[in-house]
Every structure is written in structure tokens, then in C-alpha cells.
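These are the residues of each chain, in order.
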Amino acid sequence: MTSQAERQSLAEKTGLLPEEILRIEEALGRPPNETELALFSVLWSEHCCYKNSKRELRKFPTQGPGVLVQAGEENAGALDIGDGWAVVFKIESHNHPSAVEPFQGAATGVGGILRDIYTMGARPLCFLDSLRLGEIRGEDPGVRNNRRLLRGIVGGIAHYGNCVGIPTVGGELTFDPSYDGNPLVNVFCAGVVRHDRIQKGAAAGVGNPVFVAGSRTGRDGLKGAAFASRLLGSDSREDRPAVQVGDPFMGKILMEACLELFERKGVVVGVQDMGAAGIGCSTSETAARGNVGMEIDLDRVALREPGLHAADILLSESQERMLLILQQGREREAEEVFAKWGVPLQQIGKVSSDGLLRCRIGGKAVVELPARLLTEDAPVYEREAKTSLSSSEAILVERPLGLTECRSSWMAIAGLPSLASKEWVWQQYDWMVGIGTTMGPERADAAVLRVRLEGKTKYLAFTVDGNSRYAALDPYRGGEAAVAEAVRNLAVSGARPLGVTDNLNFGDPYRPEAFGQLRGAVEGIAEACRAFGLPVTGGNVSLYNESPIGAILPSPVVAAVGQIERKEEIIPMGFQREGDRLLLLGGWGKGLSGSIYAWEVLGRRQGPAPMVDLPQEQGLCSVLRALAARGVVHSAHDLSDGGLAIALLESSLTGTGCLGAEVSLPASPTAEELLFGESQGRLLITVAEEEKKAVEEECARREIEVQSIGWVTGSWLRLEQGQDRLEIELAELGRIWKGALTELMAATPKLD
Amino acid sequence: MRWGVVVFPGSNCDRDCLFVMQKVLGQEAIAIWHEEQDLPPVDAVVLPGGFSYGDYLRSGAIAAFSPIMGAVGRAARSGLLVLGICNGFQILCEAGLLPGALLTNADGLFHCHPAHLRVENNCCLFTRSFASGEVVQMPIAHGQGRYYADASTLDRLERSGSILFRYCDVHGERTREANPNGSVANIAGICNEEGNVAGLMPHPERACEPLLASTDGLRLFRSLASTPLEAEPGATYARSAAG
């Protein structure tokens, strides 16, 4: 055994804690050798084993009637969509790599989540992404760096996603100074698979051969997982070698080869993608899941360059590699398929019975560890959490603006990068390939895809949401609100929610405030999911999102998947018909705190987060689905960031023929609250005049407040409140909303 | 009519094209692997969109030397119908089966959105079901779609009526704003002088169903197909999808 002083010095070198090294020694009955210690240093990092967040994640509901593969069982969760088919989906972050090398960092984030989906046997269907960046307006060096990051991140996602031929159909992008130099890049991917073709990430069958397919193993991405589990510092650019480099062409042909091989039943026993900690992680995880061991000959791993040490080979995060455990005797079939696609395939070992991961190099044993000790038996901690809520006092505006005076504020928020049209982003993504994108970017609150499945046609809806302002004021409500908004976005698109996946982006878990935010958000997400009866099928945790300027806003992000029965039930968000009735469901709301208006225009970043009334949210969704089934809703849009003002703007500018509206507002609350307040649980829908009564009856049945607030008409937004009037031409609003981001990003492309 | 869709490693729109031909047009269509030395018996060949061989070197440059392109070139010279879409257009130019080249978009960015196109010539087999001067809509999705040809080649294209589509605004005007990639003379699609080989950057296969906002692409495929129009080939599928 090592002495305490030795352990301390090893701990500093590896990033492990001294007590973790002691724990390893006790489990092994000997000190680990250098290679073994290197394995532990990565596999026992937060990124790989969730040691600080696991206890919290256990609070999520994971069961449900449609759950085929639940959270933690495999690389991604799977839910039933009927007729023997399943949707497989997951969200994952690539924040740290994108901070130091935005293009490759984001590109490999796409490649990584893609492999997680087809590892399950599913053909990938679409991507969505949730991005957060620092301030991009102005000419400060930091601001220019944020523009450079945004350009690189969007370019990287486009580069990889477009090349592999999977459409990027939606997402979100918001800005806040807390993300300066520490952007968030969360990428969601979904795929479809027949129930009986779901692949397992477990090794089985003693003697079965173990293969590496895809790219050669090099030095890139060494210890990327450990890098992701540290704070970003001023020297983080030195970590650029820890960022992997993606090859989307190899990603595409590796995917096609794997999917073709999966079609041959019984050839593949187990399969696992290589992400964090590469061969070391994928071999120990598959062995541990299958309760077997594995013997690996590291000399047989095809290398990009000579001279890699055993630990380098085991921990390399070279992209576009898969671990395949094949049925002994059927190797030839795999070799044929991979040769057809021109993808290298190399046997590196075999499955053993003793539960040990054994690796040799140059004939010498360098690793002999229980596979479970590296993975399932990794430490789990309870961290200290401190709950800090923002003051509960509502924001008081001393001299509220009259309706007419709200004009310039409306214009101002329409041009905020967080609220402006994201056309500059999504036009760089191929959102149509696959000819299934029925509702693409800025067409409905959720992306809707038509999916063709051996003669059956299904419609699936996807959305990704999160509001860091609410989470900063109250992490619990922020968690609840993320789920509620995602479910609402599905409902207004006509979809019934099936399940969610989450990405938890927070600061240093060893800081009680940051850990308290994580815990609050998890509990809020869990409570909301229970209320909606939705399973959390997995997700990702990204901690240590702190740069020299401080921690990011707590950023829980929720992606939700829903299903629409018939194409007639799909609802767009834009106004469709002149003369339609404009109905507000869920009431006029009250207060401004937490709103983007309060934060960005009034500069008031305090007060309580908007309340989330889960029964009301459920009622709203039931009403919407009932109305969608009857096909009476011409358009529907939820009120979220920017309140009624932005909802009216978006419905006007994204519909057919640029139709505006006439709206009458009640005398109270104030015009500012009515226009810009973000009280939750509210929707704007349009129906034909003759359907108004039926909608009111449906709302009454579910105890949902409904107001008829005006009509769809004209090429302006015309509002009245008592004697006060406000009229804005859509052309004027459109120029600001559509042009803001494009102008910012196009201004100085080469200088940033 | 029997269609053949070539599949290169990195092709992305092969399945989309096969779906449109089989399920929307209701015709026979087969996939042809890029390593084939000879073409199977087909009436028309489609080179689909995507990133063949990762678009390494230049878009379409490596695919132009694949075994199947030898066979496609021979068949094209003896009159077989060949349609290149997006990456397929790039491959046809690289292979010398169409004149000109496709360069990186003027602003350096990938562009994916519906585009208005003016039909310049309806005398060829690919456009005969359109009216000359008609404005149609098909999506574009490319990073290297800026068509370029030298002045004498352009002149020949103009005089031989080989320019099939140009980017235009909603009224059919050939404006600079309507040109998404900086193509010379707003050119979106051309054919050879014999009229049997055509290439275009827009994706007709993405505009074949009302669900996807436009059906103008279907008319291009129908122009080529010998199917009588009154049979409404897409009708069977449309009914099954609705059910």
C-alpha cells in the first residue's frame, strides 16, 4: 500500500482524490500500476461516472408504460411508438471542447450523440441543439470572441450534421454574459428502431471476439473526459489537444456499415460507441454490463502514429470508432459489410469469464482490473448543497409605461439576439434531408417529422427547452418550467408527449451554491415529469462550467419527444387565415420578474421566478390535444420568452402571407405586464369564428381560463387598452426581428 | 420506366430519391453501388445529393473517378438520361459530362431554404412539363453551389438553350438578392447540348409532396417519366399515407 503522502502526490497528478486512490488499493489488495491509475483517473471523473450527480439523478421518474429501455441501462433510452417500433433519443453536451475549439468541439459533439443513437440499432432521424453564448453585441475583445465561438459552433454542427445526412430540425439559442468564454453546446439526436432490433451495449459469450471498427487510434482527445471535469481557466487553450477532431465522412460510413451489419440478425452480440475514455471505457462498460471479462491485446489496435503508451491507447478519444462484440464464427459477415463500406475493422481481443479487464502490450500485462470497479462500482458522493433563492419581492415599476409608450421596448426586445429570428443559424443546417421535415425551424413550436417505417407512417415531434433566467432566480422552478415549456411546445404542435431527456449544465459541484442549483433543478424536473406522467429516459450532466469571470447561469435543458396521430393534427405557430379569432388560453398573467424584458430592458435581474402551475399546464395540454384531434386549431403558439408581444410577433411573421392582428387589452395589469410578462401556462391560438364557442366549452370543461382577445387581420399589430393605442407595421418589426442576428454575425466575419 | 439511383459512400439523398420514385411516382427504382463497372438496365440514372467521399479534395472530385462514373459516362454519350442533383451536379461537372464548375457559396456559408426558380427552357426532356418562364419552388441545401463558367461557355449555354433554371424572386425577376450563392447569371441548373444530361443544385426530390410545401419537383421527375399524367402516380401513396 502507498503512504498518505504518496497518495496525495498521485492525487495531484491524476485529479483523483487521495481517498479514491485508497479505495482502489483496498479493492485490489495492491496499489494500481501507472496505466491502471490513468484508467481510473478518467473513468472515475464526473464526466464518465457522474459521481457527484448520481444521487440526484436517481430522483427522476424513469418508468412508464411505453418505456422499452430505461435511463442508465444502455447508451440511450427507447420508447414505444406503436406497431412494433421505438424512438431512441438522448441529449449530450460538448461545452468544454467548444469553448477552446468551437468548430471541432461542436462537430464532435454531433458525432458523439449520433453514435449513441445508432449504437442502439436505430437509424438516426434528426438533431436539435440548445446553444448558450455570451454577449455578441459590441466590439470588446470578449464580445468578438463570443461571435467567433458562435460562428465556429454553428459551422461545426452544420459541418458534421449536413455531411452525415441527418437533418438538424430545431433548437434554441440564447445569450447571457455569464456564458462569456464558456458556451453551452447541447445536441439532441433521435432515431427509430424496430423493438426486436434494439442492440445491447453488453458483452456476452465467453470466447466471442471483440473488434474495433472505424478510425485509427491517435493522440487526439487524450483525457478529454478529465478535461471536461475541470474548471475552464485562462490556460484552457493549452487543453486544445484534449479536443477531438471529427471526420464526418468516416462517421457516415461507419454508421451505414453498422446499421447494415445490425440487419444481419445474430452477428452482433454487443456494441458500444467510443466516446469519453475510448477503448478503456467501452471495454470495461460492456464487460461490466454483461457480467463478463475481456482480454484486450493493445498491440492489435490500429494506431495513427507509433509510440503510443498503453494508457494513451486506452484513453484516446479519437472519433468515429465503435466497439463490436461479434458472435464467434460469424466474423466473415462483419468483415464483408465493413469492407463494402471501406471501414477498417480489427479484432483486438475476446470475451472472458472472470469479470476482469485484462490488457497486454508488447506481451506484457498492463491492466488487470475488475471491470465493475472501473464503472458500476465507481464512487458516488453526496455533495453539500446550499439553496439560495432570489428575493421573493416582485419587481415594482415606479412609473409604468402606457401602451403607446411600449413601442420602443417592443422594438428593442424584437431585436435582442436571444429573441430575434435564428434564421442565420438554421439556414446553415440541412434541415430537410430525409424528406420528412413537416414542420422545420420557425414553423411550429416543436419540430415535426414524418417517419416512414416499412409501410407505416408516423409523425413525431421534438423540442428542446430551458430557461436559465428562471433557474437563476429559483432552480426548482427553472427545472419545472423547462419541462412545462417542452410539453407545451409539443401540445401546441398537436403532439402527445412520450418522454424527456435532460442536460444539466451547472458550475463546480464542490461549491455548495452550484450544487444546490443542480439539486433544485433536478427536483423541479422530476416533479414536473411525475405530474405529466413522463419518464426521463437518460441524459447528460455537465458540471464545472465556470470560467475566470465566474459560473454560468444554472442551465437545465430538457428535450421532449411527442407523437401526433394523423397529419391533420399538426398545428403551425403562424397565423393562417384572415378573420380568424385570436384566443388567449391561461389568462392575461401578472408581473414582470424573470422576464427577458425585466432582465434586458429594465436591468432588473431579481424577483421570484414565474410560478409553474402543473395541473393548469396539464389542463392546457389536454385542451389543445382535444382541439387538435378535431382539427379546429389553425395556429397555436405558447407564450414564453418575451410574453404576448413576442408571441404575436412570431405568429404574424411566420405564418402564411404575413398576417397581423387586432388585439384589445384589459385595463389592468399594466401594458408592460400584459405585453412582456412571462406568466407561465399560457397559449395563443386561432380558430374560425364559428369554432369559438366550442373552444370556450372545451376550456370550461378543463377549468382553463380563455379570453377572446381579437382577430387575425391586416399587415400590422394594432392593440388597444382603453383609450390607449399602439400600432406597429409588420414590415418594420420583421426587418428588426429577421435581420438582427444576421446583421450582427455578417458585419465583420473575418475580424472576429 | 425504371430508375437507377447511384449510391456513393457519403450519398445522403439516395434514399429520398428512391422513395419519391417508388412511392410517390409509383415506378420501379433501384440503387446502384458506386463500385459497379457496368450499369444495370435502367431508363434514367440519378446521381443524388450528399457528400460523396466526404467531398474531400473538392465536391464531387473523387466520385467523378469512381468505377460507376465510367459506365455512366459511356451510357450518357450514347443517349441515356442522367440527372445530377446537388452533389450529383457537382460530380457531373467534375466528370466533364456538363460544362462549368461549382464553387464555394459567395458568403462562405451553407444555405438550406426553399428557393424560387425560373424555368428558362421547357424544350428539353427534363423540363417539358413546365411552362417556359414559369416560377417554381424547390429547396436548396449546399455549401458549394456557386455555378461558374467562362464567358464563351456561358455564351454557348445561352445560345443552345442549355440553361434550365435560374434563381429568381417570387415574380420571376433575376435579382442579386434572389441568388443564394453568387452563381454566374443566377444559374441553378443546366443540361448538355444533346439534352440528355442535366444537373441542378436545388433538390426536386424534396418538393414532391404537399406535406413538404411544394410539388414542383415532382413535375421534373414526371417530365422524364413516360407515365401518362392522368394516372396520378402519387395518388396511391398519398392515400396510404393519409390512412
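Note that the structure is a prediction, hence the values are computed from the model and not measured.

What counts, and at which threshold
- Residues numbered from 1 in each chain as written.
- Chains lettered and ligands numbered in written order.
- Predicted model: local features only at pLDDT ≥ 70, side-chain atom pairs only at ≥ 80, totals over all residues.
- Heavy atoms only, no water.
- Salt bridge = Lys/Arg side-chain N within 4 Å of Asp/Glu carboxyl O.
- Buried < 20%, exposed > 50% of the residue type's maximum accessible area, 1.4 Å probe, protein only.
- Helix = DSSP H or I, 4+ residues; strand = E, 2+ residues; numbered from the N terminus.
- Contact = heavy atoms within 4.5 Å.
- Arc of directions from axis to C-beta.
- Pairing = 2+ DSSP bridges.
- Axes fitted to C-alpha atoms, helices over the stretch in contact; angles between N-to-C directions.
- Domains from an automatic or database assignment.
- Polar contact = N/O pair within 3.5 Å; in protein donor to acceptor, adjacent residues only side chain to side chain.
- Nonpolar A, V, L, I, M, F, W, Y, C, P; charged D, E, K, R; others polar.
- Expected span 1.5 Å × (residues − 1).
- Patch = residues over 30% accessible without salt bridge, like charges linked within 9 Å, V, L, I, M, F, W, Y side chains within 5 Å.
- Areas by Shrake-Rupley, 256 points an atom, 1.4 Å probe, with all protein chains shown as cover.
- Right-handed = clockwise from strand over helix to strand, strands pointing away.
- Phe/Tyr/Trp six-rings, centres within 6.5 Å; stacked < 30°, edge-to-face > 60°.
- Lys NZ or Arg CZ within 6 Å of the ring centre and 35° of its normal.

Caption draft 1: Seen up close, the pattern of salt bridges. Residue and element names in this part refer to chain A. Enumeration over the complete set of coordinates arrives at 67 salt bridges over all chains. Residues Asp196 and Arg194 are paired through a salt bridge, measuring 2.8 Å at the closest nitrogen-oxygen approach. For Asp196, a relative accessible area of 41% corresponds to the partly exposed category. Given the relative accessible area of 25%, Arg194 is considered partly exposed. The closest approach of N and O atoms between Glu285 and Arg289, which form a salt bridge, is 3.7 Å. With Glu285 and Arg289 both in helix α11 (residues 278-289) and 4 residues apart, the pair spans about one turn of that helix. One network of salt bridges, in which partners are shared, links Arg55, Glu56, Lys59, Glu382, Arg519 and Glu523.

Caption draft 2: Summary view of the environment of B:Leu98. Residues and elements named next belong to chain B. Here Leu98 shows up in the loop between α3 (87-94) and β5 (101-103). Residue classification places Leu98 among the buried residues on the basis of a relative accessible area of 3%. Distance from Leu98 to Val197, taken between C-alpha atoms, is 7.4 Å for residues 99 residues apart in sequence. If we ignore the near neighbours within four places in the chain, the residues touching Leu98 are Phe89, Leu92, Cys93, Ile190, Cys191, Asn192, Val197, Ala198 and Gly199.

Caption draft 3: Quick peek at helix α2 (residues 18-28) of chain A. Residues and elements named next belong to chain A. Among all positions in α2, only Glu20, Ile21, Ile24, Glu25 and Leu28 are buried. Buried residues of α2, viewed axially, fall in a sector of 140°; they line one side. Across α2 from its buried face, at more than 90 degrees, point the exposed residues Glu19 and Glu26. Of the surrounding secondary structure, the elements contacted by the buried residues of α2 are α1 (4-14), α3 (34-43), β13 (364-370) and α14 (371-374). Gly29 sits one or two positions beyond α2 and adopts a positive phi of about 75°.

Caption draft 4: Main features of the sheet that holds strand β27 (residues 716-721) of chain A. Residues and elements named next belong to chain A. The 7 strands lie next to each other as β23-β25-β22-β26-β24-β27-β28, forming an open sheet whose pairing is mixed. The sheet is open, and its two edges are formed by β23 (633-638) and β28 (724-729), each paired on a single side. With direction set aside, neighbouring strand axes in the sheet form an average angle of 20°. Here 6 bridges tie β27 to β28, and the two strands are oriented antiparallel to one another. Counted as the bridge partner of Trp716 is Glu729 from β28. Sheet contacts for helix α15 (residues 407-414): β27 and β28; angle to β28, the most-contacted strand, approximately 35°. Sitting on the sheet, helix α24 (residues 692-701) touches β22 (581-585), β25 (683-687) and β26 (706-712), and the angle it makes with β22 is about 5°.

Caption draft 5: Up close: the domain arrangement of chain A. According to the domain assignment, chain A consists of domain 1 (33-49 + 199-378) and domain 2 (395-420 + 571-747). With centres defined by C-alpha atoms, the gap from domain 1 of chain A to domain 2 of chain A works out at 50 Å.

Caption draft 6: Representation of the interface of chain B and chain A. Listed by partner, the interface residues are 31 residues for chain B and 29 residues for chain A. For the pair chain B and chain A, the number of links is 2 salt bridges. Linking B:Glu209 and A:Arg450 is a salt bridge whose minimum nitrogen-to-oxygen distance equals 2.8 Å. At the boundary of chain B with chain A, the tally comes to 10 residue pairs in polar contact (both at pLDDT 80 or more). Its residues assigned to classes, the side of chain B that touches chain A comprises 19 nonpolar, 6 polar and 6 charged.

Caption draft 7: Molecular detail of helix α19 (residues 512-532) of chain A. Residue and element names in this part refer to chain A. Helix length check: α19, at 21 residues, gives a terminal C-alpha distance of 30 Å against a target of 30 Å (1.5 Å per residue), a fit within 8%. Across the 21 residues that make up α19, a large majority, 16, are buried. Gly533 sits one or two residues past α19 and shows a positive phi near 70°.

Caption draft 8: Local environment of a nonpolar patch on the surface. A cluster of nonpolar side chains, namely B:Tyr56, B:Leu57 and B:Ile62, defines an oily patch on the protein surface of about 310 Å² accessible area. The topology assignment puts B:Leu57 in the loop between β3 (44-47) and α2 (67-77).

Caption draft 9: Structural context of the environment of A:Pro102. Residue and element names in this part refer to chain A. Relative to the helices and strands, Pro102 resides in helix α7 (residues 102-118). On the basis of relative accessible area, Pro102 is assigned to the buried category, the value being 3%. Linking Pro102 and Glu697, residues 595 residues apart in sequence, is a C-alpha distance of 52 Å. Residue contacts for Pro102: discarding those within four places in its chain leaves Pro97, Arg148, Leu149, Gly152 and Ile153.

Caption draft 10: Spatial organisation of the pairing of strand β17 (residues 496-505) of chain A. All names here are of chain A. For β17, the buried fraction is high: 9 of the 10 residues fall into the buried class. Relative to strand β21 (residues 555-564), β17 runs antiparallel, the two sharing 9 bridges. Of the residues in β21, the one forming a bridge with Asn505 is Ser555. On the question of chirality, the crossover connecting β17 to the parallel strand β18 (residues 536-542) by way of α19 is right-handed.

Caption draft 11: The arrangement of the packing of aromatic side chains in detail. As enumerated under the stated definition, the model contains 11 aromatic pairs over all chains in all. Seen in terms of ring centroids, A:Phe40 and A:Trp44 are 5.0 Å apart; in terms of plane orientation they differ by 80°. Their pairing is edge-to-face. An angle of 80° between the planes, with centres 5.9 Å apart, marks the rings of B:Trp3 and B:Phe221 as edge-to-face. With B:Trp3 in strand β1 (residues 2-7) and B:Phe221 in helix α5 (residues 216-224), the pair connects residues that are 218 residues apart, well separated along the chain. Like B:Phe221, B:Trp3 is buried. Feature note: the residues A:Phe89, A:Phe188 and A:Phe462 constitute an aromatic cluster, connected by ring pairs. Just above the ring of B:Trp33 sits the side chain of A:Lys340; from NZ or CZ to the centre is 4.6 Å. Here the guanidinium or amino end of A:Arg718 rests over the ring plane of A:Trp716, the centre of that ring lying 3.7 Å away.

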